[in-house]
Amino acid sequence: MELLFIILALLVILVAVLAINTIKSIKSARKLTEFKPFYNDEEIMNYALRLQKMIKCKTVSVKDSYDDTEFAKLRDVMVELFPTVHKTAEKMTFGDDCWIYKIKGADETRNIMLMSHHDVVDVSGEWEHDGFSGEIADGKIWGRGTVDTKTPLFAEFSALEELLNEGYEPPCNIWIGSSHNEELGGDGIPTALKYFVENNIKFEVILDEGGALIEPPLGGMKADKCGMVAVHEKGRISLVCTATADNGHASLTAAAKATPVERMSAFINEITTNDIFIRRMNPQVEAMLKSLGPYCGFPMNMLFANLWLFGGIIKKVMPKINAQAGGLIGTTCTFNNIEGSTASKQCTAKAFVRPVDEKDFEEDLKMFKAVASKYAISVEMTEDSEYHGPADMTRPQFEYTMNCIGEIFPQYPASPFILPAGTDARTLTDVCECVLRFAPIKLSAQQLASVHAENENIDVDSVANCVAFYKHYIKNYK
C-alpha cells in the first residue's frame, strides 16, 4: 500500500510539473492582437504600381549564359524608383550583375545586410495573367518574381529610400545584397563573399528570403499564418558510389561477389529501407516546437512545453508524419543518376545527402561507407558538396528579428525553422553568425506553391506591409 501511495504521489507531482510548464509556456508567449494597417488604399496601390515596373523586367537567369538586356532594364528602373539610395549608397557589382549597396552608418565597424535576389525562373504553363505583366487584378499583383523575390527586394529599397528622405542616419552600415543568378546557385553572392572576407567585413545579422508569413506547419493552431524564420539550411552532399566487376579477394561476402548492378541495387535497398542515420531533437527543431506550442490546443501545447519528457516520442513520430518532418531531425538520402547494366563491368549511383548537423553527418558517413563496403562499393564525396552552420539563436539580433515580426504582424506567432531549400545567404555564414531567412510577405497555400510554377502572385496589401516591416527593422536597429 505504501508503494502505491508513493507511485500516486509521483504521478501527481509529474502532472503538476507538466501543467505548470504548459501554463508558463502559454503565459510567456506573445499575445496575438489585432493587425492595424500602416497605409491607406491609395498608398497601398502606389506601392503595387511601383513594384509593377520591376516585375515587367524579364530577368530570367539561364544556365551557362547571360544576356544583360533585361537586367539592364531593371537597373534603370531601380535608379528611377530609388534615386536617393543611388545618390547616397556606394554600389559594387560582382560577376555579371550581383549588386551590393552600402549606406555608411555612424559606426562604420558595424554592419547588417538585407538580401533578395533579382533573377527569376522563366514562365511556363497556363497563366491567368501574363507572367511578366505585373497586372493588378483581384486584389493581387501577378507575375514572376512577385513572391520569389522582387517584392522583398522592392520593399527593402523602398524602406531605405523613405528613411533617407526623412533624414534617417543609420547607427551602423546598412547593406543590400541582390544576386542575378540565385536561381542557378550561381557565383554572384559567393564572389561578393570573397570581397567581404578579404576586407574583414563581418555582419551582425543578415536577413534574406527563405521564410515568410505562411500557413502554420502544425494543425490546430490559433492563427491562420505564422512568421516562419529559417535559422538553418540543410547541407548538400553528393556522394558518388561505384561498384566494379573487379572486386578483389575470394574472402569477400556472397553479396560482394554479385554483379555490379546487383550489388548496387542491394546497397541502395539497404540504405533506403533501413534508417541508418542519427536522429535527434536538434536545437532548431526544439526552438520551433517551443515557439509554436503556446498557440496550439491541448495536448500539443503540453507536449511541446515538456520536451524533456516527450521529445523522444516526438522524435520517433516525426519521420512517420511525412518525409519532410523526418528530415528536420537528421540526415536524409536519395539516389539518382544510376548507370549500369547486367552486362556492364561497372555500376555507379549518385547519393544526394542532406545533413542537419555537421558532427552527426561525420558518423552518418561512416555508417554509409560501412554499408557500402559490404557490397564492395566505393564512396567518394564530390567537390561541390557543402555544409553551412546554423544561426546563433542566442544572439540579440535573432530576438530583435522575432520581436519585429510581432510588432508589425501582431496577429501572427513567429517561429524558427530549418529550411530544406537553398538561398544565397547560406554561403555567408563565414562572415555572419546570425544569418536569418525571412521575407515579410503573407502567402496563401496557392501563392507559396506558385514559386517556380504557374500564376505567381502576391496580395497588393502584402507589398505595403513588407515595406512597413523593413522600415521598422532598419529604423529601430540599435
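Notes on the structure follow. (Residues numbered from 1 in each chain as written. Predicted model: local features only at pLDDT ≥ 70, side-chain atom pairs only at ≥ 80, totals over all residues. Heavy atoms only, no water.)

### Some remarks on the overall build of the protein
What the protein contains, in helices and strands, is 16 helices and 16 strands. Dimensions of the protein, computed from C-alpha atoms along their principal axes, come out at roughly 75 × 75 × 50 Å. When contacts within the protein are restricted to residue pairs at least 6 apart in sequence, long-range pairs at least 24 apart make up 79% of them. Surface summary for the protein: the accessible area is close to 22,000 Å², and the carbon and sulfur share equals 55%. The positive charge centre, built from 48 side chains, and the negative charge centre, built from 65, are 6 Å apart in the protein. (Helix = DSSP H or I, 4+ residues; strand = E, 2+ residues; numbered from the N terminus. Contact = heavy atoms within 4.5 Å. Areas by Shrake-Rupley, 256 points an atom, 1.4 Å probe, with all protein chains shown as cover. Lys, Arg positive; Asp, Glu negative; His and termini not counted. Charge placed at Lys NZ, Arg CZ, Asp CG, Glu CD.)

### Quick word on the packing of helix 9 (residues 283-292) against helix 11 (residues 307-321)
At a minimum axis separation of 12 Å, helix 9 and helix 11 run at an interaxial angle of 110 degrees. Classed by the angle they form, the pair helix 9 and helix 11 counts as roughly perpendicular. Contacts between helix 9 and helix 11 pair V285, E286, L289 and K290 from the former with L307, I314 and M318 from the latter. Split into classes, the residues belonging to the contact of helix 9 with helix 11 amount to five nonpolar, no polar and two charged. (Axes fitted to C-alpha atoms, helices over the stretch in contact; angles between N-to-C directions. Parallel < 35°, antiparallel > 145°, perpendicular 65-115°, else oblique. Nonpolar A, V, L, I, M, F, W, Y, C, P; charged D, E, K, R; others polar.)

### What to know about the environment of N457
Position of N457 among the secondary structure elements: in strand 16 (residues 457-459). Through-space distance from the C-alpha of N457 to that of L443 is 9.1 Å; in sequence the pair is 14 residues apart. Residues contacting N457, with those up to four places away along its chain left out, are K140, I141, W142, T146, V147, Q446, Q447 and S450. At a separation of 2.9 Å, a polar atom in the side chain of N457 contacts the side chain of Q447. (Polar contact = N/O pair within 3.5 Å; in protein donor to acceptor, adjacent residues only side chain to side chain.)

### Describing the sheet that holds strand 11 (residues 332-339)
The four strands lie next to each other as 11-12-10-13, forming an open sheet whose pairing is antiparallel. If you trace the sheet from one side to the other, it starts and ends with strand 11 and strand 13 (377-381), each paired once. Taking each pair of neighbouring strands and ignoring which way they run, the sheet shows an average axis angle of 25 degrees. Across eight bridges, strand 10 (residues 237-244) lies against strand 12 (residues 346-354) in antiparallel orientation. Note that in strand 12 the partner of T242 across the bridge is T348. In the packing of helix 8 (residues 260-273) onto the sheet, contacts are made with strand 10, strand 11, strand 12 and strand 13, and the angle to strand 10 comes to roughly 145 degrees. Each of strand 10, strand 11, strand 12 and strand 13 touches helix 13 (residues 358-374); the most contacted strand, strand 13, lies at about 150 degrees to it. (Pairing = 2+ DSSP bridges.)

### Side note on the side chain of N465
Its location among the elements puts N465 in helix 16 (residues 460-475). Residue classification places N465 among the buried positions, given a relative accessible area of 13%. (Buried < 20%, exposed > 50% of the residue type's maximum accessible area, 1.4 Å probe, protein only.)

### Comments concerning the environment of R263
One can find R263 in helix 8. For the pair formed by R263 and K374, sequence separation is 111 residues and the distance between their alpha carbons is 9.1 Å.

### Side note on a negative patch on the surface
Taken together, the side chains of E128, D130, E135 and D138 make up a negatively charged region of the molecular surface. Mapped onto the elements of the fold, E128 is located in the loop between strand 3 (107-115) and strand 4 (136-137). Accessibility expressed as a relative area gives 57% for E128, which makes it exposed. (Patch = residues over 30% accessible without salt bridge, like charges linked within 9 Å, V, L, I, M, F, W, Y side chains within 5 Å. Salt bridge = Lys/Arg side-chain N within 4 Å of Asp/Glu carboxyl O.)

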